[in-house]
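Next come the chains, spelled out residue by residue.
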Amino acid sequence: MLSSKWIATVASIWIQCTCGGSYAFGIYSSVLKSSQSYDQATLDTVSVFKDIGANVGVLSGLLYSAVAVHRRRRRDNHQASSVSSLLSFGGPWVVHVAGAIQCFAGYFLMWLSVTGVIDRPAVPLMCLFMFIAAQAQTFFNTANVVTAVQNFPDYAGTIVGIMKGFLGLSGAVLIQVYDAFFEGHPRIFILMLALLPTFISLLLMCLVRIDERDTQGNKKQLNRFSTVALLVAAYLMIVIILENTFTFPLWARITTLILLLLLLASPLRIATNALKDESEISSQGLVSSERSPLLSGNGSQQSERWSSAAGDPKERHAADEDTPMLQDEEDLNVVQAMGTGNFWLLFIAMACGMGSGLATINNISQIGESLGYTTVEINTLVSSWSIWNFLGRFGAGYVSDILLHRNGWARPLLMVITLATMTIGHVIIASGFAGNLYVGSVIVGVCYGSQWSLMPTITSELFGVGHMGTIFNTIAIASPVGSYLLSVRVIGYIYDKEASGKSNSCSGTHCFMLSFLIIGCVTLFGSLVASALFFRTKMFYKLVVLRRLNLSARR
């Protein structure tokens, strides 16, 4: 029971809900600045290392491949060696341990610094503390996302959307805990970030396992997990709006937290029902022990897949023609993947999409100030961003699965659509009309979140899951790269040109208009790059991915 994919999903969701400390930087940034006597430029430098740590997760991917995927292959091949014997004790839990160590070390050292327990560290050392703390997030995320894709290969978009969605909500969840118990004490919040995610991950890490059985009813249960995710997001949205409008007494804050925890506990009920249904089906002999062939990386299963075309000469001819494509694109390591055009098309598209979205949220407060928005309105915009981000992460994964299963649409097509829509959002922000930030932030937030579920899912389909963690974390480097270029070299440069007076501030639509028109052009270019990826992979999806899904459906 405890080794099932359903329990693993629940454990991953709970870990995801607590590991997004980097999204709550605004809570403790002020005390970090005052206690260390930083100016704004120095604080921004520390924040950059937070973004780098939270987005550059290549090490977590390499570790996952070493202790989880390679372990499974050695076991399947019955290789007896000292190395394989050592790694036989591996699994996703090892990645969680590495993340927990970094999470505790990074935030605990920051807490010691801001409380004065240790001497004020040099700025480079504080940047290192921040990097380590944020880097932990990539280890938790990689272990949960890649394991989930291996457990639900036929609905990779949906499960990635769920995992990435809860990660996007984790900042809001952590802030609810802070508001209930530690409001007004940001120093304690830093200690909480050191202890809570570490404790939760160590408590649940052994439950996050790769379940190799291909069971019935996956879609029905995943839809129930999706419903819970939507309910949590809707609840948090209501709470955020109310908290920015009214002052909640302590009892109200505790009550809202209790209700949130009850919602977050509901996936356990879904898992127990799924196990009950699975037990009933198993008793009827309907559970298959075989895995989906595309993602297993097993040569005999590949042969089985292609043998399904043997009865039809046309299908057999198509399969034979596509065999080189499969060999080129399936189960590549990161170096092999980087040698393909698809990798770089995906990287460039993500630099445009993720980079522009991150640049938007990093500057949304300053945009609001220049357009005359009140403090309450700006706080609402910043707080609600996590909700729009969640809707994009969850919605893109779920919708892309529907379009793939029902209509046979290659997944990169949705990336084309969301990046083109993102262009509209940036143009709306540039326009400066009354209420433009409300409309623009919703569009950009949803489309930005979409990239975070589409990119890992497309990576698993084009390059296989053998090194998925390493490859998608390498592509994720595009996010801070794009953000730096657009935030510093475009938005910051143009804002300084437009600013005037001793305060070096700017008011009016002209402050950010040119910047966001340029960013709109960047995302439009990203949409064109994604179009090239779509046309390059369209036949691959038709001959390989859809064939695998049809074969799985007939079992």
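Above this text sits the structure in question.
Here is a short report on the structure shown in this document. Please read all numbers here as calculations on a predicted model, not as lab measurements. (Residues numbered from 1 in each chain as written. Predicted model: local features only at pLDDT ≥ 70, side-chain atom pairs only at ≥ 80, totals over all residues. Heavy atoms only, no water.)

**A look at the pattern of salt bridges**
Pairing is possible between side chains of opposite charge, provided their charged atoms come close. Stated precisely, the cut-off is as follows: By definition, a salt bridge exists where a carboxyl oxygen of Asp or Glu is found within 4 Å of a side-chain nitrogen of Lys or Arg.
What the rule picks out here adds up to five salt bridges. Overlapping salt bridges bring together Asp-401, Arg-411 and Glu-461 as one network.

**A closer look at the packing of helix α16 (residues 341-370) against helix α21 (residues 478-498)**
Stated precisely, the cut-off is as follows: To get an axis, fit a line to the C-alpha atoms, keeping to the stretch in contact for a helix; angles then go from 0 to 180 degrees between the N-to-C directions. Helical segments are the DSSP runs of H or I of at least four residues, strand segments are the runs of E of at least two, and each set is numbered from the N terminus. For classification purposes, angles smaller than 35 degrees are called roughly parallel, those larger than 145 roughly antiparallel, those between 65 and 115 roughly perpendicular, and all remaining angles oblique. Two helices crossing with the near one rotated counterclockwise from the far one by less than a right angle form a left-handed crossing, whereas a clockwise rotation gives a right-handed crossing. Contacts are assigned to residue pairs that have any heavy atoms within 4.5 Å of one another. Gly counts as polar in this scheme, as do all residues outside two lists: the nonpolar Ala, Val, Leu, Ile, Met, Phe, Trp, Tyr, Cys and Pro, and the charged Asp, Glu, Lys and Arg.
Look at α16 against α21: their axes get within 7 Å of each other, and the N-to-C directions meet at 55°. Considered as vectors, α16 and α21 are oriented oblique to each other. Note on packing geometry: the crossing formed by α16 with α21 is right-handed. Of the residues in α21, those touching α16 at Phe-347, Met-350, Ala-351, Met-354, Gly-355, Ser-356, Leu-358, Ala-359, Asn-362 and Asn-363 are Ala-478, Ser-479, Gly-482, Ser-483, Leu-486, Ser-487 and Ile-491. Tallied by class, residues from the contact of α16 with α21 come to nine nonpolar, eight polar and no charged.

**Considerations on a nonpolar patch on the surface**
Formally: Only residues whose relative accessible area exceeds 30% and that form no salt bridge are eligible for patches; like-charged ones are grouped when within 9 Å, while nonpolar side chains (Val, Leu, Ile, Met, Phe, Trp, Tyr) are grouped when within 5 Å. Computed with the Shrake-Rupley method and a 1.4 Å probe, the accessible areas treat only the protein chains shown as cover for residues. We call a residue buried when its accessible area falls under 20% of the maximum for its residue type, exposed when it is over 50%, and partly exposed in between, using a 1.4 Å probe and counting protein chains only.
A cluster of nonpolar side chains, Val-481, Tyr-484, Leu-485 and Val-488, forms an exposed patch at the surface whose accessible area comes to about 330 Å². Since its relative accessible area comes to 37%, Val-481 is described here as partly exposed.

**Some details on the state of the cysteines**
Operational definition: Defined by distance alone, a disulfide is two cysteine sulfur atoms within 2.5 Å.
Counting across every chain of the model gives one disulfide. Unpaired in this structure, Cys-19 has its nearest cysteine sulfur neighbour in Cys-103, at a distance of 8.4 Å. With a relative accessible area of 7%, Cys-19 lands in the buried category.

**Describing helix α9 (residues 186-204)**
Convention followed: A helix is expected to span 1.5 Å multiplied by its residue count minus one. The bend reported for a residue corresponds to the angle between axes fitted to the seven residues ending at that residue and the seven starting there.
Its 19 residues place the ends of α9 27 Å apart at the C-alpha level, agreeing with the 27 Å of an ideal helix rising 1.5 Å per residue. The axis of α9 is deflected most strongly, by about 30°, at Met-192. Every buried residue belonging to α9 is among Pro-186, Phe-189, Ile-190, Met-192, Leu-193, Ala-194, Pro-197, Thr-198, Ile-200, Ser-201 and Leu-204, and all of these are buried. Residues of α9 that are buried make contact with α1 (5-16), α2 (25-35), α6 (92-114), α7 (123-151) and α8 (156-181).

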